[in-house]
Amino acid sequence: LTEENPVSWITNSGWKDLLYLSTVNIPVFNDLIRNFKSNLDVWKEWYDLEAPEVHPLPNNLSNKLTSLQKLCLMRCIRPDRVVNSIKMFIIDTLGEKYIQPPVIDYQRIYNQSSCNMPMVFILSPGADPQADIQKFCDEMSMTNRFKFIALGQGQGPIAEVLLETGIKRGHWVLLQNCHLLTSWLKTLEKILNEMKDTPHKDFRLWLTTEPTDKFPLGILQKSLKVVTEPPDGLKLNMKAIYSKLSNDVLDECPHHAYKSCLFVLAYLHAVVLERRKYGKIGWNVNYDFNESDYIISRKLISLYLLKSHEDNDEYIPWNSLKYLIGSAMYGGRVSDDMDRRILTTYLEEYMGDFLFDNCNIFLFSNVGYNYNLPANSDLENYQQIIEDYPLTNSPAVFGLHPNAEIGYYTNAVKSMWIDLISLQPRRSGSNEGISREDYISNTASDIYNKIPLTSLDIGSYDIIQTRTLLLKQNSMIDKTLDNVITPCQVVLLQELERWNNLVRRMAISLQDLKRALIGEIGMSDELDSLGDSLYNGFVPSLWRKLAPDTQKPLSSWMNHYTLRYKQYDSWIKKGEPLIMWLSGLHIPESYLTALVQTTCRKKNWPLDKSTLYTMVTKYTNINSKSIPLLESGCYVHGLYLEGAGWDIDKSSLCLQSPKVLVTELPIMQVIPIEGSKLKLHNTFKTPVYVTQNRRNAMGVGLVFEADLATSDHSSHWVLQGVALSLNIDT
C-alpha cells in the first residue's frame with residue numbers, strides 16, 4: 001500500500017482498490033483520496049447506510065459520476081451492495097424487464113414447440129416443473145397420453161421404450177433429471193437424430209436437467225430452452241403453495257387443528273427454501289427441497305389428524321408429526337447433522353400446543369411484520385393474509401442475523417468477479433505495460449524464492465533425520481520415552497510428509513512453467529492452468545490438491561504457507577508449541593485425537609470412552625507470558641466465529657455487531673476428559689470447520705465440535721448458523 005488505510009471500517013483490500021481507482025486516467029477520481037480523507041465522518045455516515053446505493057454519494061459526487069463510475073466506487077467501499085447496484089445500473093441502462101424473471105407460460109412454450117423440437121427445462125434449486133407440466137397436460141386433454149420417468153441408474157432402456165412408443169402414437173414424454181444419467185444422453189441424441197420427419201404430430205418431448213457441461217450440444221441446439229426459477233421471498237413462496245390448494249383440500253380433514261397445521265407447514269416450507277439463499281450460514285448443503293416434500297407432508301398431517309379426530313383423542317400427535325416431517329420427509333434430504341439440527345429446531349419452534357394458546361398469541365416472527373397464525377378460514381382469506389405480507393424479508397425472519405444478508409451479497413459478488421476475471425482476454429490488446437508471460441514468469445520466480453526447498457528429492461525436511469532428532473529430544477526430556485515417538489510427534493511426521501509433497505510439487509511445477517514460457521518444453525494443459533491461476537491471483541488446482549482446503553486468494557495463501565512452515569520448524573527445534581495454530585496443520589483433527597491418546601496413556605483412561613471439551617480463555621495475545629502451562633490438552637488460536645459475536649468480559653456468545661461478519665476468538669483451551677465425567681451446562685455445541693465453506697455433501701470439512709458458553713437458549717444460535725472456522729477467505 002502506498003498510503004496507510006486511515007479507517008478501520010474499510011478493508012485493506014477495499015482501500016487498495018480505492019487507491020488504484022484514484023490513479024486511473026479519469027479526472028473525477030484524481031482527487032478522490034484527498035476528498036475521502038478530509039470528509040471521513042460524511043463517508044462513514046454513507047457507509048453505515050443499510051442501502052447506500054439508493055442514497056446520494058457524499059460531496060455531490062452523484063452528479064459528477066456516471067452510473068458505471070458509481071459502481072467502481074461502490075466496489076471499493078461497500079462490495080456487499082454491488083449486486084443491487086448492478087441491478088440499478090441495468091434498469092437505468094436497459095430497462096427493468098431485464099432484471100425480472102418472466103412467469104412461465106406453458107401454453108406459449110407449447111405453441112413454440114414442435115414434434116421435432118424437445119423442450120429442455122434448466123432447473124434451479126427448488127424448481128420442479130413436473131406438477132405444472134402435468135396440470136397443463138390435463139388442460140390439453142393429454143392425460144392418457146402423458147408418460148414420464150425420473151432418470152437414474154438402469155432407467156435408460158425404460159426411457160427408450162417410452163420414446164419409441166411416444167414417437168409412434170403421439171404421446172407426451174417427460175424425462176426428469178437428465179443430469180443424473182448423462183452417459184445415456186448420447187443415446188437420446190442418436191434417437192432424436194434418427195427420428196427426422198417420422199414422429200406423430202402430437203409427440204412432444206419434455207426434458208428437465210440441472211446445469212451440466214455434459215449435456216449434449218446436439219440436443220441443446222435443436223431444443224427450446226426454458227430456465228425455471230423458484231419464487232423469491234417468503235410471501236411469493238407461500239403464495240405459490242396456496243395458489244395450488246383448493247377449499248376441498250382445506251376441508252378434507254375435520255380436525256380443528258388441520259388448517260392451522262397446513263399454514264404452519266406452508267410457512268416452514270417457505271422458510272427452508274429461503275434459508276438456502278444465505279449460503280453456508282443457511283445450510284451446509286444446498287438441498288433440493290421442493291413442492292413434493294410439502295404435498296407428502298400435508299397428506300401425512302391429514303392422515304394423522306383424521307385418525308386423532310375419529311378416535312376422539314384430545315392430544316395432537318406432535319411428536320409423530322415432527323419426526324415424520326423433520327426426519328423423513330424434509331429430513332430425508334438432509335445429509336448433514338448440523339443441518340438436521342436446524343430443521344428439527346424449526347419444527348420445535350413452529351409445532352406444538354402453544355400454537356393454540358389464547359393467553360400468549362403465537363408469532364412466527366415479529367421482525368418488520370407480525371407473522372402470526374391466522375384463525376381457521378377459507379382459502380380466499382388465507383390468500384389475502386399472505387398477500388398482505390411484505391415482499392422482501394430481513395434474514396431475522398428466518399432466525400438469522402441481519403448480517404447474513406451482507407454475507408450473501410458479498411459471496412454473490414465474489415462469484416461474479418471470478419466469472420468476470422475468467423472472461424478477460426488472455427493477451428493485452430496494447431503494447432503498454434508488462435506482458436502476460438512476463439507477469440506470470442515474475443510471479444513464478446517470486447513464489448519459487450519463498451519455497452523452503454532442501455532438494456527436489458526431499459522437499460523441506462528429511463523425515464528420517466527429523467525422526468532421529470525427535471527421539472533424541474525425547475530421551476533428554478524423559479528416560480521412559482527413550483526410542484519412543486509420542487502420538488503428537490507421529491502427527492508431526494505425517495504433517496511433514498504432506499508438506500514435503502506440496503513443496504516438491506510447487507518447486508517442480510514452477511520450474512517447468514518457467515521453462516515452458518521460454519519454449520524449452522511444451523506447454524501442457526496442467527502448466528497452462530497453473531499460469532492462468534498465477535495471472536489471476538488464484539491458488540492453482542495443482543497445489544490445492546496437496547494443501548489444506550482454502551478459499552484464500554494466492555497472496556493470502558502464500559502468507560498462510562509461510563506461517564505453516566514457521567510452525568513446523570519451531571515444533572521440530574523447540575518442541576510442541578504451547579499454543580497450537582490448528583489452521584497450520586493439514587489434518588488438524590489428527591492432532592486433537594493424538595492429544596486425547598496422550599492423556600489416556602498418562603492417566604490410564606480407556607481411549608474409546610474418552611473425549612474432549614473446550615473452554616475459551618480471556619487471553620488474546622499468543623506471546624503473553626502469563627498463559628499457564630497445561631498438564632494435558634493444549635491451547636489453540638486462530639479460530640474465527642461466524643454467526644455470532646464474542647463478549648470477552650463475560651466469556652460467552654453475544655449478538656454480532658452490525659457489518660461485522662467474522663470475529664476472531666480468544667485463545668481456546670482444549671481439554672481431554674473421560675466421557676462419563678463430562679457434564680456441561682449453558683454451553684452451545686459449535687461445529688469447527690476448516691474454511692467458511694463449512695462442510696460439503698460428502699461430509700468433508702468438519703474438524704471437531706467446540707463448547708462455547710452462552711446464557712441464551714441453544715435454538716437461538718442454531719438458527720443463527722453459528723460456527724467456527726480455522727481459515728477465513730482473506
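Preceding this paragraph is the structure being described.
Residues numbered from 1 in each chain as written. Predicted model: local features only at pLDDT ≥ 70, side-chain atom pairs only at ≥ 80, totals over all residues. Heavy atoms only, no water.

A word on the nonpolar core
Alright, step 1. One finds Tyr242, Leu534, Trp543, Trp557, Tyr591 and Met668 to be the most contacted residues of the largest nonpolar core, which totals 125 residues.
Alright, step 2. In contact with tyrosine 242, other than residues within four places in its own chain, are Leu262, Phe263, Ala266, Leu379, Tyr382, Gln383 and Ile386.
Alright, step 3. Listed in part, the 26 residues of the second largest apolar core include Val7, Leu32, Trp46 and Leu61. (Core = buried A, V, L, I, M, F, W, Y, C linked by side-chain atoms within 4.5 Å. Buried < 20%, exposed > 50% of the residue type's maximum accessible area, 1.4 Å probe, protein only. Contact = heavy atoms within 4.5 Å.)

Regarding the sheet that holds strand 10 (residues 634–637)
Alright, step 1. The four strands are arranged 8-10-15-9 in an open sheet whose pairing can be described as mixed. In this open sheet, the two edge strands, each paired with only one partner strand, are strand 8 (579–581) and strand 9 (610–616). Strand-to-strand twist in this sheet, taken as the mean axis angle between neighbours without regard to direction, amounts to 35°.
Alright, step 2. Both strand 9 and strand 15 (residues 668–674) contribute to a ladder of seven bridges, which runs antiparallel. In the sheet register, serine 610 faces strand 15, and the bridge partner there is glutamate 674.
Alright, step 3. Each of strand 8, strand 9, strand 10 and strand 15 is contacted by helix 25 (residues 588–603), which is oriented at about 115° to strand 9, the strand it contacts most. (Pairing = 2+ DSSP bridges. Helix = DSSP H or I, 4+ residues; strand = E, 2+ residues; numbered from the N terminus. Axes fitted to C-alpha atoms, helices over the stretch in contact; angles between N-to-C directions.)

Here's the deal with the pattern of salt bridges
One side chain can pair with another of opposite charge once the charged atoms of both are near each other.
Alright, step 1. Scanning all chains against the criterion turns up 28 salt bridges.
Alright, step 2. Aspartate 311 is paired through a salt bridge with lysine 307; the nearest N and O atoms lie 2.6 Å apart.
Alright, step 3. Aspartate 311 sits in the partly exposed class, given a relative accessible area of 45%.
Alright, step 4. Among the ionic pairs, aspartate 336 bridges to arginine 695, the shortest N-O distance being 3.4 Å. Pair noted here: aspartate 336 is in the loop between helix 15 (318–329) and helix 16 (337–350) and arginine 695 is in the loop between strand 16 (683–689) and strand 17 (702–709), with a separation of 359 residues, a long-range link.
Alright, step 5. With a relative accessible area of 2%, aspartate 336 lands in the buried category.
Alright, step 6. Each of Asp132, Lys244 and Glu291 takes part in one network of salt bridges that share partners. (Salt bridge = Lys/Arg side-chain N within 4 Å of Asp/Glu carboxyl O.)

A word on the side chain of glutamine 130
Alright, step 1. Of note, glutamine 130 is situated in helix 7 (residues 130–139).
Alright, step 2. Setting aside chain neighbours within four positions, we find glutamine 130 in contact with Phe148, Leu174 and Gln176.

Focus on the sheet that holds strand 16
Alright, step 1. Spatially, five strands are ordered 14-11-18-16-17 in an open sheet, and the strand pairing comes out mixed. Each edge of the open sheet carries a strand with a single partner, namely strand 14 (662–664) and strand 17. Each neighbouring strand pair of the sheet contributes to a mean axis angle of 30°, computed without reference to strand direction.
Alright, step 2. For strand 11 (residues 640–642) and strand 14, the ladder comprises three bridges, and the chain directions are antiparallel.

Thoughts on the pairing of strand 10
Alright, step 1. Burial along strand 10 is two-sided: Cys634 and Val636 facing one way and Tyr635 and His637 facing the other are all buried.
Alright, step 2. Bridge count between strand 8 and strand 10: three bridges; the pairing is parallel. Counted as the bridge partner of methionine 580 is valine 636 from strand 10.
Alright, step 3. In terms of strand pairing, strand 10 meets strand 15 through three bridges, oriented antiparallel. Bridge pairing links valine 636 to methionine 668 in strand 15.

Brief notes about the packing of helix 11 (residues 234–243) against helix 17 (residues 379–387)
Alright, step 1. In contact at an axis separation of 9 Å, helix 11 and helix 17 are set at 165° when each is read in the N-to-C sense. Taken together, helix 11 and helix 17 sit at an angle that is classed as roughly antiparallel. The crossing of helix 11 and helix 17 is left-handed. Each of Lys235, Met238, Lys239, Tyr242 and Ser243 in helix 11 lies in contact with helix 17, whose residues at this interface are Leu379, Tyr382, Gln383, Ile386 and Glu387. (Parallel < 35°, antiparallel > 145°, perpendicular 65-115°, else oblique. Left-handed = near helix turned anticlockwise from the far one by under 90°.)

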